[in-house]
Structures are given as structure tokens and as C-alpha cells.
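Residues per chain, in single letters:
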Amino acid sequence: MTPADLSRTVLHAVRRAVDEDALRAPVPARVRVERTRPGGSGDYACAVALQLAGPAGLPAREVAALLRDRVTGAPGIGHVEVTGPGFLNFTLEATAGAEARAARVREIREQGLRYGRVTTEAGRLHRLHHPREVRAAVTAQCVARLLRTQGGQVTVGCSGEPDPRWAELRVTAGARHSDGESAGIRPVPARAEAGALLERLGRDATLWGLLRPAAHDHAPLGDDLLVQGEGNPLFLVRYAHARARALVREGERFGLTGAYEPSADVPAPALHAALADHPGVLAAAARHHAPDRLARHLETTADAFLDFQGATPPLPAGDEKPSAAHRSRLALAEAAGKVLAGGLSVLGISAPPHL
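Since the model is a prediction, treat every value here as computed from it, not as a measurement.

**What about the overall build of the chain?**
Right, on to step 1. Along the backbone of the chain there are 10 helices and seven strands.
Right, on to step 2. Compactness check: the chain gives a C-alpha radius of gyration of 22 Å against a globular reference of 20 Å for 355 residues, within 12% of the reference.
Right, on to step 3. Principal axes of the C-alpha set define a box for the chain whose edges measure 70 × 60 × 40 Å.
Right, on to step 4. Out of the 355 residues belonging to the chain, those deemed buried represent 49%.
Right, on to step 5. The long-range share in the chain, meaning contacts at least 24 apart out of those at least 6 apart in sequence, stands at 71%.
Right, on to step 6. Summing over all exposed atoms, the chain offers an accessible surface of approximately 16,000 Å²; the carbon and sulfur share of this is 51%.
Right, on to step 7. The positive charge centre, built from 43 side chains, and the negative charge centre, built from 39, are 1 Å apart in the chain.

So, in C-alpha cells, the structure goes:
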């Protein structure tokens, strides 16, 4: 892990803490890390907790502890310690990090679309209620799926008779119940009816257009949602998934299906971090009733995967012989594809194997 990688990892931890409402402070544009000075602890040190303590209204050591919990176990980091008034000190440990990454890839490949799903809310009943409006209906159904990833039981009610076209968006309206008994789902309304959106955009683009913006923002529902290019985040996410599936298919022809080997570790810190974050993103999106958090995370995962497969191709090229390194890269690609497919399924969007 380079200092730049470590800086991005810490900055990502700050964003996570803010997104999870554990830290209320502005996210800095960058985080500075530097070599530990003589007599210090670890390989690198960072003073970002002291910078955030004032705006957050918390002691710097408490902020440092929040960030320590979110970077511990990240790829390439062996140990994190809080020292002095609130410094973060990092010890890099390549071997332990490689074994942790290998274990995570194995877990994702074994669990498939269920990776990140837990039972922490087993037995808890959530009652959701939304007005008769397409964006609210779609958001409520997605929030219900998010809550179920945490083990919760969910009922969804609607004010008024449901629109018959909602069924095409995987929306069903159950028993009505009052706001006093349930959590209201009321994003900024869409500026179109379900039928018009389906006719113009189709189901998947409509769902992405309604769910990707934060609930307090207007949903842009232009024809750019249909553009087959990297400027369209929906296309990027689905393309990354299809690309991962294609790599796995080709890898099978080379006989490269197998385990991720720590001895052939893949230097892809951004992708490993995105895969490690997936369970936490599901939990935060469920807790805050915010499907947009999951959509943004899928974009981050897709970007990281495409950067990884461009820099370290999972398949041998030309006269290159298949190796353990290729096998590990391919296992990582497969894991990325499963996380993308699982996230899209929670949003109600299809993940085709070919684009």
C-alpha cells in the first residue's frame, strides 16, 4: 500500500463515518499521511482526527477511534493505533492483509448474491407507508428489500389505489395503515407517471433514475439514462457486471477456475475496499431508508473493478501462460461481479450477463 492508497483509504473511512451519521463534519478534499517520525508508532501517521474534532464537536481521540474502526482490516493495513491527542498510526502488513483479502473473496464467491446480508434485525417488523406516487412507491419497495437484507420483516402500505403500471416496476401495494403506525416514505415526487416512464425508458432505467438521487433531490429522468456509454452510471455498473461474467466464462476455457491464493495477491486496494464496504453500505442504506447510498456504492465498485481489470488483466494474453496470479485475479473479478449483481437485485434492476 502506497501513501496515496492509504490517504484514499482514510478519506473513504471519513466518508463512511459521515454517511452513517457517526460523524457530523465536512468531508475534507484530501487526507494527508506521512512517515512516522523517529520514536513514533507504526509506518505512517495521520492527523485528520484533530482536523475534524472541532467541526464534529467531539474529542479528537474519539474521532480517531471512529476512523480506526473503519480502516481496521482494510487491504494492506495490519494494525491501527490511536496515539497522543488523536493521531492515527498505521502499520502495514502485507501477509495478513493478503490472507484477509483472500478470505473475503472466498466468502463472496460462496455466498453469491447474499453476500452482506445478515440477520441482525430478525423478528423486527418494519411498517412502511407511501403516497400514491411512482417515486415514493418504488423507493418504499426498495427500502423494504434493504430492510430484509438485515433480517427484518416488512409490510408496505399505500394511500389510495395503486397504479396498475406499478407492477412492472416490481411494486405491490399491500394493506393501508396510518402514518402513526409506520415510517413514511416521501421522496421529492417524480415529474411523470409510471406509464409514461416505462414507455420512454423501460423498467431498469426508470428504477435507476428514481432511486439513484437522494430522496431530497429531484430525480433527473432524461433520455441520458439510456445512453450506452461510460458517462451513464447505470450502463457503467451493468457493463462492469457483464464484463466480470465474461472474464469468468473465458477463464473456464483456460482452466483458471479456483481459489484466490494469498501468495498471488492482487494489488487492487480500491476494489478490495469496495467489496469490504458492501455489507456496511447495505446496513446504512437500510437504516437511513436511502437506496441512493447503495446505487452510489455500485458505481464505486464498478469504477474500481474496471480500473483493476485494465491494469492487471485477469486472463493471459498472447504467449503468456496461465498462472496462479491469473487465477487470483479471476477470482477477484468473479467476486466483483457477484457484488454488483447482488446490489442491482436489491434495487430491483436486472444484471444481464451480456451487454
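Next comes the rest of the description.
**Here we look at the state of the cysteines**
Right, on to step 1. Here the structure, examined in full by the defined rule, presents zero disulfides.
Right, on to step 2. There is no disulfide at Cys158, and the cysteine sulfur nearest it, in Cys142, is 17 Å away.

**A short note on the sheet that holds strand S7 (residues 183-184)**
Pairing between the strands of a sheet is mediated by backbone hydrogen bonds and can be parallel or antiparallel.
Right, on to step 1. The strand order S6-S5-S7 describes an open sheet built from three strands, whose pairing is parallel. Bordering the open sheet on either side are strand S6 (153-158) and S7, each of which pairs with just one other strand.
Right, on to step 2. As paired elements, strand S5 (residues 125-130) and S7 share two bridges and run parallel to each other. The partner of Leu128 across the bridge, within S7, is Ala183.

**Quick look at the side chain of Gln141**
Right, on to step 1. Note on placement: Gln141 falls in helix H5 (residues 134-149).
Right, on to step 2. Given the relative accessible area of 9%, Gln141 is considered buried.
Right, on to step 3. A distance of 2.6 Å separates a polar side-chain atom of Gln141 from the backbone oxygen of Thr172.
Right, on to step 4. When residues no more than four places from it in sequence are discounted, the contact partners of Gln141 are Val156, Arg170, Val171 and Thr172.

**Some words on the packing of helix H2 (residues 48-56) against helix H3 (residues 60-71)**
Right, on to step 1. Between H2 and H3, the least distance of the axes is 8 Å, while the angle of their chain directions is 115°. Two packed elements cross with a definite hand, and for H2 against H3 that hand is right-handed. Listed contacts from H3 to Val48, Ala49, Leu50, Leu52 and Ala53 of H2 are Ala60, Val63, Ala64 and Leu67.
Right, on to step 2. When its residues are assigned to classes, the contact of H2 with H3 shows nine nonpolar, no polar and no charged.

**Here we look at helix H9 (residues 291-311)**
Right, on to step 1. Relative to the 30 Å expected for 21 residues at 1.5 Å per residue, H9 spans 31 Å between its end C-alpha atoms, a close match to the ideal helical length.
Right, on to step 2. Counting buried residues in H9 gives 15 out of 21 residues, a clear majority hidden from the surface.

**With respect to the environment of Ala335**
Right, on to step 1. Summarising the element assignment, Ala335 is placed in helix H10 (residues 324-347).
Right, on to step 2. Judged by its relative accessible area of 0%, Ala335 falls in the buried class.
Right, on to step 3. As a C-alpha pair, Ala335 and Ala244 span 91 residues in sequence and 8.6 Å in three-dimensional space.
Right, on to step 4. In this structure, Ala335 is in contact with Val105, Ile108, Arg109 and Leu275, ignoring residues within four places of it in sequence.

**Remarks on the confidence of the model for the chain**
Right, on to step 1. Scored by pLDDT, the chain comes out at a mean of 89, with 94% of its residues at no less than 70.
Right, on to step 2. Model confidence for the chain, summarised as mean pLDDT per element, is weakest for helix H4 (residues 94-111) at 80 and strongest for helix H6 (residues 194-211) at 97.

**Quick notes on the sheet that holds strand S3 (residues 77-83)**
Right, on to step 1. The strand order across the open sheet built from four strands is S1-S2-S4-S3, with neighbouring strands paired in antiparallel fashion. Strands at the two margins of the open sheet, each flanked by one partner only, are strand S1 (33-35) and S3. Pairwise comparison of adjacent strand axes, ignoring direction, gives a mean angle of 30° for this sheet.
Right, on to step 2. Its contacts with the sheet place H3 against S3 and strand S4 (87-92), and it is angled at close to 175° to S3.

Rules behind the numbers
Residues numbered from 1 in each chain as written. Predicted model: local features only at pLDDT ≥ 70, side-chain atom pairs only at ≥ 80, totals over all residues. Heavy atoms only, no water. Helix = DSSP H or I, 4+ residues; strand = E, 2+ residues; numbered from the N terminus. Rg over C-alpha atoms; globule rule 2.2 N^0.38 Å. Buried < 20%, exposed > 50% of the residue type's maximum accessible area, 1.4 Å probe, protein only. Contact = heavy atoms within 4.5 Å. Areas by Shrake-Rupley, 256 points an atom, 1.4 Å probe, with all protein chains shown as cover. Lys, Arg positive; Asp, Glu negative; His and termini not counted. Charge placed at Lys NZ, Arg CZ, Asp CG, Glu CD. Disulfide = S-S within 2.5 Å. Pairing = 2+ DSSP bridges. Polar contact = N/O pair within 3.5 Å; in protein donor to acceptor, adjacent residues only side chain to side chain. Axes fitted to C-alpha atoms, helices over the stretch in contact; angles between N-to-C directions. Left-handed = near helix turned anticlockwise from the far one by under 90°. Nonpolar A, V, L, I, M, F, W, Y, C, P; charged D, E, K, R; others polar. Expected span 1.5 Å × (residues − 1). pLDDT = per-residue confidence, 0-100.

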